[in-house]
Amino acid sequence: MTIMSLFGITGSANARSYAYYDTNPLELNGEGWDVRLRHKSGKSFEETYKKRWPITGGDINGALTTANNDGFDSSDTNYDCEVDWGYAKQTLSCATEKSHSSSGYSGTALPTSDTGRTWLVNDIPGKLTDWSSTGWGKTILKASRAHGPVTSKVYGGAWGASDDASIEVVPVVGADGTGTEYIVELSFKTDNYNDAATLHSDAIAVADAHGWLYHGDILKTQLVLGRY
């Protein structure tokens, strides 16, 4: 029995390519910001600006309070917020997304690092522009480069209480700069915390029983930023 059939993943593969933009010392990431340019086959480019806050000891309200103090609250409809729940860690993230025409680009092709950076700088949201100090974010993003790209395959479906489940297979260069490692990520989305907790524990139990589970948290963003 395959991973896909066990978790109700029935869709065919959809390709997507993406790169993260940051400086060599990863100054944006160090402040909890991730900037990504993504291209799904046949779609416009997606420009995503995401801010993250760690959740300690399951205290989601504490993380929300920190986010509010940083200027993110329910009155801001430009950002969508969610709790990302990995193997052991939880993270609050708020992201805003903008688009750019993919005219002239076939498949999931990405622009050059310089071109992508220009798009992202031109569309930078105000919260990132003046993060830390006036103009800080724009200055850092102007000095950034593309980390990547990687091209993954995503298979969609539904499982349990989630009608938005997926498996993403991400090839990344090896830690020593050679070869290829494959990261397989199983994801579920739901609006209900109790449903999320049940899905989380059930998925861990099923994956662990078949010897597929990595007992730790692998962050794709960190892998791409660190290896490219």
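Figured I'd write up the structure that's included with this text. (Residues numbered from 1 in each chain as written. Predicted model: local features only at pLDDT ≥ 70, side-chain atom pairs only at ≥ 80, totals over all residues. Heavy atoms only, no water.)

## Thoughts on the environment of Ile 124
Item 1. With respect to the secondary-structure elements, Ile 124 resides in the loop between α4 (113-122) and α5 (126-129).
Item 2. Taking the C-alpha atoms as reference points, Ile 124 and Lys 138, 14 residues apart in sequence, are found 7.2 Å from one another.
Item 3. Beyond its immediate chain neighbours, meaning those up to four positions away, Ile 124 contacts Tyr 49, Lys 98, Thr 129, Gly 137, Lys 138 and Leu 141. (Helix = DSSP H or I, 4+ residues; strand = E, 2+ residues; numbered from the N terminus. Contact = heavy atoms within 4.5 Å.)

## Quick look at the environment of Gly 226
Item 1. Structurally, the position occupied by Gly 226 is in helix α8 (residues 220-227).
Item 2. On the basis of relative accessible area, Gly 226 is assigned to the exposed category, the value being 58%.
Item 3. Taking the C-alpha atoms as reference points, Gly 226 and Leu 26, 200 residues apart in sequence, are found 8.8 Å from one another. (Buried < 20%, exposed > 50% of the residue type's maximum accessible area, 1.4 Å probe, protein only.)

## Remarks on the sheet that holds strand β7 (residues 162-173)
Backbone hydrogen bonds are what pair the strands of a sheet, in a parallel or an antiparallel way.
Item 1. Taking strand neighbours across the sheet as the criterion, the 8 strands line up as β4-β5-β3-β2-β1-β6-β7-β8 in an open arrangement whose pairing is antiparallel. Taken across any chain shown, the strands that pair with only one partner, and hence form the sheet edges, are β4 (80-85) and β8 (180-189). Adjacent strand axes in the sheet meet at a mean angle of 30° when their direction is disregarded.
Item 2. Across 8 bridges, the pairing between strand β1 (residues 14-22) and strand β6 (residues 145-159) is antiparallel. Across the sheet, Arg 16 pairs through a bridge with Ser 152, a residue of β6.
Item 3. Together, β1, β2 (33-40), β3 (45-55), β6, β7 and β8 form the strand contacts of α8, whose direction differs from that of β1 by roughly 60°. (Pairing = 2+ DSSP bridges. Axes fitted to C-alpha atoms, helices over the stretch in contact; angles between N-to-C directions.)

## Observations regarding the state of the cysteines
Item 1. According to the stated counting rule, one finds 1 disulfide in the structure shown.
Item 2. Covalent S-S linkage joins Cys 81 and Cys 94, the inter-sulfur distance amounting to 2.0 Å. Across the disulfide from Cys 81 to Cys 94, rotation about the S-S bond amounts to roughly 110°, and the bridge is consequently right-handed. Of this pair, Cys 81 sits in strand β4 while Cys 94 sits in strand β5 (residues 90-100), placing them 13 residues apart in sequence. (Disulfide = S-S within 2.5 Å.)

None of this, on its own, says anything about what the molecule does.
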